[in-house]
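Working through the structure, step by step
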Amino acid sequence: MDGTGDAQQMSNSVLGARSLGKTFANGSVVALEGATFDIRPGSFVSLVGPSGCGKSTLLRLIAGLIERTSGQVSVHGTDVSGPRTDVAMMFQKATLLDWRTAIENVLLPTEMARSVTKDDQKHAAELLKLVGLEEFLFAFPSQLSGGMQQRVALARLLQTGADVLLLDEPFGALDEFTRERLNVELMRIVGEVKATTLFVTHNIAEAIFLADQVFVMTPRPGRIAATIDVPFERPRPLSLQTSPEFNTLVAEVRDVLGDDH
Amino acid sequence: MAVSDGISPPRRIGLTMPRRRLLTHAVIFLVLVGLWEIGSRAGWLDPLFYPRPSNILRSFWLIYVQNGNVWFHLYATLGLVFAGFVAGSILGVGLGALVGFQPLVRRFIKPYVIVLEATPRIAVAPLLIAALGFGAPSKIAIIMLVCFFAPFINTLSGVVNVSEDRLELFNSLGAGKMQVLRKLVLPEALPVIMAGERLALTAALSGALVAEFIQRDQGIGSLILIYTRNLNMASAFACIFTLTIIGFLIFRGMEWIDNRIAFWNTEAGMARVGTKRALAFRGAHG
């Protein structure tokens, strides 16, 4: 690895990694190996691959939730050494607090940093409106459907103010129709707030449909096997998924994944 | 680690029943009481051990109004229950939380919890009296002993079993230890802790009775003992039914408190609090 050139490039990218690796169980399990990439500001990147390919591990390394065993990872040119305020993560489960109303859940990240002001509350209410929940500001999680709970989690993600958003199969537990609708809204919303987004999924079509760039990942050891650019204009209609160009990309991803998938 | 039950869905007795069901229940109850009365008068039931309902009613009048002697004992028992319950459950919740937050202690405590769980706590009562002597301190110690365990084990498991997903969320938000404790662990454990408190309060009443059975100086327990010795079964029954009413009031009272504290477990609670917070928000934002 050539030090100076890489370091220079990394400091310009919003999110970058060099030979990033993670092993578990004293090195006997290699979860991720040699991940190297630079992500352009404001772009949407999908990580796709089968279970065990290291996509969740990569996300958690960037979020600072686990420590790397080798390589480098940086956000806005500074090394990731733990959770930070310019990076926020959304999980497969909504992970809301049952004893808080929707708006109180959205305000949680703010409470971690300082005491909540009236403006913060107004901002949280606006975010809930952005995700289509203006009627449910004071509903408790158990009063909301699974899709609505994920909308609250999305609003909470945006409330952090982070411009690097990490989404770990955020709609994976929802039914097909709800997931498709939320995906379309997600594209609109992250476009509006101009965030850089990393989106983990094991659905190839979903990965391509949402992203500017797809990282195709393969297991044993987990690594990024290919990076595929997605050229389609935005906004993208759902019908894009039936076009020949789209299916060519699907085939390309499938090719990288091999017979395993 | 087994969590003591008591968290089962809140049951409503009587008040929310439809009027016709209530009427049916009243009729059945009156028929049963009538049969008892008739059986006792006809000599099918030995009136010495099964006093007539009418006599029990008269005893209620006697001990509450005419003689009024039950009040002193009632206050004595309730005072004990209250003191022992508060002390025992504070100790239980405190130790439970302390142990829950000490990974090292937690790892080695399980065998002791199992031993404690398997031993009937009340068996230790005579030892406590031997150590502390007759009087209020040993009685309170007995009650503390019987109502320590449920809050202890429930608090411990509530603290230990914090949702991994939520913990990861808090970590990703860079939460400090105190923030995790105040905004996650305590609220999440609260319903389980309250379930422990409910069991503890019921146990406290039984503990008080045992303490009074042993010491026989004052309280409803010793009163039941004295009336039974004098073969005044009607008054003994009046005391027992007094305890039934107290037990019921305790159950309903705890249920009420539980609904206030863990409001998010019932639709009604969420509706109430949600409306209140919406109003406060609109008040603040015009």
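Numbering of residues begins from 1 in every chain and follows the order in which that chain's sequence is written. Lettering of chains starts at A and numbering of ligands starts at 1, both following the order in which they are written. Residue-level local features of this predicted model are given only where pLDDT is at least 70; pairs of side-chain atoms are given and counted only at 80 or more, and the full residue set underlies all totals for whole chains, interfaces and linings.

**A short note on the nonpolar core**
A:Ile62, A:Leu128, A:Leu166, B:Ile143, B:Cys147 and B:Ala204 are the most contacted members of the largest nonpolar core, which has 122 residues in total. All the domain ranges listed were derived from an automatic or database domain assignment. Summarising the domain contributions, this core has at least three residues from each of domain 1 (15-86 + 163-261) and domain 2 (95-161) of chain A. If we skip the residues at most four places from it in the chain, A:Ile62 touches A:Leu15, A:Val73, A:Val80, A:Val87, A:Leu166 and A:Leu198. To define a nonpolar core, we join buried Ala, Val, Leu, Ile, Met, Phe, Trp, Tyr and Cys residues through C-beta atoms within 7 Å and take the resulting set. Between the buried cut of 20 or more and the exposed cut of 12 or fewer other C-beta atoms within 10 Å of a residue's own C-beta lies the partly exposed class, and all C-beta atoms are placed from the backbone. Within the second largest apolar cluster, 13 residues are counted, among which are B:Ile56, B:Ile63, B:Tyr227 and B:Phe237. Contact between residues is assigned whenever the C-beta positions, reconstructed from backbone atoms, fall within 7 Å.

**What about the sheet that holds strand β3 (residues 44-48) of chain A?**
All names here are of chain A. Pairing between two strands requires that DSSP report at least two bridges joining them. Counting from the N terminus, the helices are DSSP H or I runs at least four residues long and the strands are E runs at least two residues long. Pairing within the open sheet is mixed, and its six strands lie in the order β6-β7-β8-β3-β9-β10. The sheet is open, and its two edges are formed by β6 (87-90) and β10 (223-229), each paired on a single side. Geometrically, the sheet is characterised by an average inter-axis angle of 20° between neighbouring strands, direction not taken into account. Of the strand pairs in this sheet, β3 and strand β8 (residues 196-201) are connected by five bridges, and their pairing is parallel. Looking at the pairing, leucine 47 lines up with valine 200 of β8. Angular values range over 0 to 180 degrees, each being the angle between N-to-C directions of two axes fitted as lines to C-alpha atoms, with helices fitted over their stretch in contact.

**Observations concerning the pairing of strand β1 (residues 15-24) of chain A**
Residues and elements named next belong to chain A. Across the ten residues that make up β1, a large majority, seven, are buried. In terms of strand pairing, β1 meets strand β2 (residues 29-39) through seven bridges, oriented antiparallel. Within the sheet, the bridge partner assigned to threonine 23 lies in β2 and is valine 30. Here β1 hands over to β2 after four residues, with alanine 25 in that stretch at a positive phi of 50°.

**Some thoughts on the domain arrangement of chain A**
Many analyses report the size of an interface as the accessible area lost when the parts associate. All names here are of chain A. Annotation of chain A at the domain level lists domain 1 (15-86 + 163-261) and domain 2 (95-161). Here the C-alpha centre of domain 2 lies 25 Å away from the C-alpha centre of domain 1. Contacts between domain 1 and domain 2 engage ten residues on the former and eight residues on the latter. Among the elements that make up the side of domain 1 that touches domain 2, the one with the highest residue count is helix α7 (residues 176-193) (four residues). Residues are grouped as follows: Ala, Val, Leu, Ile, Met, Phe, Trp, Tyr, Cys and Pro are nonpolar; Asp, Glu, Lys and Arg are charged; every other residue, Gly included, is polar. Within the side of domain 1 that touches domain 2, the residues separate by chemical class into eight nonpolar, two polar and no charged.

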